[in-house]
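Coordinate analysis (summary)
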Amino acid sequence: MKILALDSAFAAVSAAVWADGRLIATRHRPLIHGHAEALLPLIEATLAEAGLRARDMTRIAVTTGPGHFTGLRAGIAAAQGLIVATGAAAVGIDCFSAVAAAMPPAEPDERRLIAFDSKRAEAFVRLDDEVAFAALPGDFEAPGDAFVLGGDRAPEFAARLRALGKRARIAQAPALPRADLFAPSAARCAPVAKLVPIYIHPPAITQEKPR
């Protein structure tokens, strides 16, 4: 199995090639703007490093959200284009699972909490494998006495949990999805018929005012 994994959901773009059970090429670039322009050259460079072509891929895996609207859509659009061109199977990886794949296992008494920047006061949050939601760090409460946290908003939620008298530690792992770290899990996921973006807040699109 040969997998091309892509991510552009937050403040970076990354690509990785996982082939026959090992990582053979990866590229990662922190980025605030211009995800759509940066992603395709990054993919080309990653495939060239692997010595493979897009049509050699068995699967195309991409993060499907939640994330920042423009970057998220750029990644899904690039993946869909490659899938149509190559006939590879589509695999969608939600961003919480992408970060969880790189985190060390929780202790038996710990809950796993992942929180991402939403570009709003609220963060995108998921506890264990429950349904994700939006929450303000200062108002956050959750059942449980001990937590391991990931994501780029983890420090704020850790501080809140400690203020409530709970034990909270931040995992030693990347705070945002990275293609090289979730590519192995894409081999274990079932392919999907369609890549569907995950939104917690609806996209903030300005509507034209009535005349």
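Up top is the structure these notes are about.
This structure is a prediction, so every number in the text was calculated from the model and none was measured.

Here's the deal with the overall build of the protein chain
Looking only at helices and strands, one finds five helices and ten strands in the protein chain. A compact globule built from 211 residues would reach a C-alpha radius of gyration of about 17 Å, and the protein chain, at 18 Å, matches this within 12%. With respect to the principal axes defined by its C-alpha atoms, the protein chain has extents near 60 × 55 × 30 Å. Burial status across the protein chain gives 47% buried among its 211 residues. Considering only residue pairs separated by 6 or more positions, the protein chain has 63% of its internal contacts joining residues 24 or more positions apart. Split by element, the accessible area of the protein chain, about 10,400 Å² in all, is 54% carbon and sulfur. Averaging the positions of the 24 positive and the 22 negative side-chain charges in the protein chain gives two centres separated by 5 Å.

Some points on the pairing of strand S2 (residues 12–19)
Counting buried positions along S2 gives eight out of eight residues, so the element sits mostly inside the fold. Burial of S2 is two-sided: the residues Ala12, Ser14, Ala16 and Trp18 facing one way and the residues Val13, Ala15, Val17 and Ala19 facing the other way are all buried. As paired elements, strand S1 (residues 2–7) and S2 share six bridges and run antiparallel to each other. What sits directly across from Lys2, in S2, is Ala19. Between S1 and S2, which pair antiparallel one after the other, the connecting turn spans four residues. Where S2 meets strand S3 (residues 22–30), eight bridges bridge the pair, whose relative direction is antiparallel. Bridge pairing in S3 links Trp18 to Leu23.

So, the pattern of salt bridges
Inspection of every chain in the model, using the stated rule, returns 14 salt bridges. As a salt-bridge pair, Asp129 and Arg126 come within 3.7 Å of each other at their nearest N and O atoms. With a shortest N-O distance of 3.7 Å, Glu141 and Arg160 are connected by a salt bridge. You can see Glu141 sitting in the loop between strand S8 (133–135) and strand S9 (146–150) and its partner Arg160 sitting in helix H4 (residues 154–163), a full 19 residues away along the chain. Classification of Glu141 by relative accessible area gives exposed; the value is 59%.

Conventions we followed
Residues numbered from 1 in each chain as written. Predicted model: local features only at pLDDT ≥ 70, side-chain atom pairs only at ≥ 80, totals over all residues. Heavy atoms only, no water. Helix = DSSP H or I, 4+ residues; strand = E, 2+ residues; numbered from the N terminus. Rg over C-alpha atoms; globule rule 2.2 N^0.38 Å. Buried < 20%, exposed > 50% of the residue type's maximum accessible area, 1.4 Å probe, protein only. Contact = heavy atoms within 4.5 Å. Areas by Shrake-Rupley, 256 points an atom, 1.4 Å probe, with all protein chains shown as cover. Lys, Arg positive; Asp, Glu negative; His and termini not counted. Charge placed at Lys NZ, Arg CZ, Asp CG, Glu CD. Pairing = 2+ DSSP bridges. Salt bridge = Lys/Arg side-chain N within 4 Å of Asp/Glu carboxyl O.

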